[in-house]
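What the coordinates show
Spelled out from the first residue to the last, the chains are:
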Amino acid sequence: AFSAAPYLRSADPLADATTWVVSLPGAGEGMPRGRVVIQMTDEEWRLDLNTASEDILARLLEDPAAATAIVDYRDADDEGIDDTVDPPYAPKNAPIRTVEELWDIPALAAHPELMDRLVRETTVVTNGTLNINTVGRDVLAAIGGNASLAEQLVASRPGSDGRLGTADDCKA
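Now for a description of the structure that goes with this document. (Residues numbered from 1 in each chain as written. Predicted model: local features only at pLDDT ≥ 70, side-chain atom pairs only at ≥ 80, totals over all residues. Heavy atoms only, no water.)

Here's the deal with the packing of helix α1 (residues 54–61) against helix α5 (residues 137–144)
Under the convention used in this document: Each axis is a line fitted through C-alpha atoms, and for a helix only the stretch in contact is used; angles between axes span 0 to 180 degrees, taken between their N-to-C directions. The numbering of helices and of strands both runs from the N terminus, where a helix is a DSSP run of H or I of at least 4 residues and a strand a run of E of at least 2. An angle below 35 degrees is read as roughly parallel, one above 145 as roughly antiparallel, one from 65 to 115 as roughly perpendicular, and any other as oblique. The crossing is said to be left-handed when, going from far helix to near helix, the turn is anticlockwise and less than a right angle, and right-handed when the turn is clockwise. Should any heavy atoms of two residues lie within 4.5 Å, those residues are considered in contact. Any residue that is not Ala, Val, Leu, Ile, Met, Phe, Trp, Tyr, Cys, Pro, Asp, Glu, Lys or Arg is counted as polar, Gly included; the first ten are nonpolar and the last four charged.
Where α1 contacts α5, the two axes come as close as 8 Å, and the packing angle between them is 135°. One way to sum up the angle between α1 and α5 is to call them oblique. The hand of the α1/α5 crossing is right-handed. Each of Ile 56, Arg 59 and Leu 60 in α1 lies in contact with α5, whose residues at this interface are Asp 138, Val 139, Ala 141, Ala 142 and Ile 143. Partitioning the contact of α1 with α5 into residue classes produces six nonpolar, no polar and two charged.

This is how it looks when you write it as structure tokens:
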């Protein structure tokens, strides 16, 4: 089995802490020469769809009906069956596994702009914890209800040099 561990090379970890380059072994081992770039993303800057309350989802999406549809899709009850649409719609009534499965909800599928926002601002792979150092402005405003404070916090992250990941970050 191929192990990438001996081939990991990191760029400057402070300037770009999310990208690694993996050099593949030579052709003599049955694999072509080449490189694979691996990027890791901090998902805790996004709101978790499986743990977010209906109120927070409504503030994030600015659409209470969409928030209700999401909560009904994931909750364990049998409410929300709609046989007036073709094909008939029944909520999953289980945790959401991918953000894209929300396309199955007629109330969301009819509004691609909401789906774009959900894909951009939400996740399903955390336990609901948010990373205060990376959480986005819109998610902060949704959980705290104050867009001005959210903007101030996000603006304070990079220090005087304007770059994230350097020694002067989050210092007044």
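Structural notes on the environment of Ala 150
One can find Ala 150 in helix α6 (residues 147–156). In sequence terms Ala 150 and Val 139 are 11 residues apart; their C-alpha atoms lie 8.5 Å from each other. Residues within four places of Ala 150 in sequence aside, it is in contact with Arg 137, Leu 140 and Ala 141.

Things to note about the pattern of salt bridges
Cut-off, in case you're wondering: By salt bridge we mean one thing: a side-chain nitrogen of Lys or Arg within 4 Å of a carboxyl oxygen of Asp or Glu. Note on classification: 1.4 Å probe, protein chains only; a residue is buried when its accessible area is under 20% of the maximum for its type, exposed when over 50%, partly exposed between these limits.
Scanning the model with the defined rule gives six salt bridges in all. In this structure, Arg 46 engages Glu 43 in a salt bridge whose closest nitrogen and oxygen atoms are separated by 3.0 Å. Look at Arg 46 and you get buried, because its relative accessible area is 17%. Where Asp 138 meets Arg 117, a salt bridge forms, and the shortest distance between an N and an O atom there is 3.1 Å. Placement of the pair is Asp 138 in helix α5 and Arg 117 in helix α4 (residues 112–121), with a sequence separation of 21 residues. The same class applies to Asp 138 as to Arg 117, namely buried. Taken together, the shared-partner salt bridges in this structure form one network comprising Arg 117, Arg 137, Asp 138 and Glu 151.

As for unusual backbone geometry
The phi dihedral of Glu 62 falls on the positive side, at around 55°, and the residue is not glycine. Mapped onto the elements, Glu 62 comes out in the loop between α1 and α2 (64–74). At Asn 93, a residue that is not glycine, the phi angle is positive and equals roughly 60°. Turning to its location among the elements, Asn 93 is positioned in the loop between α2 and α3 (106–109).

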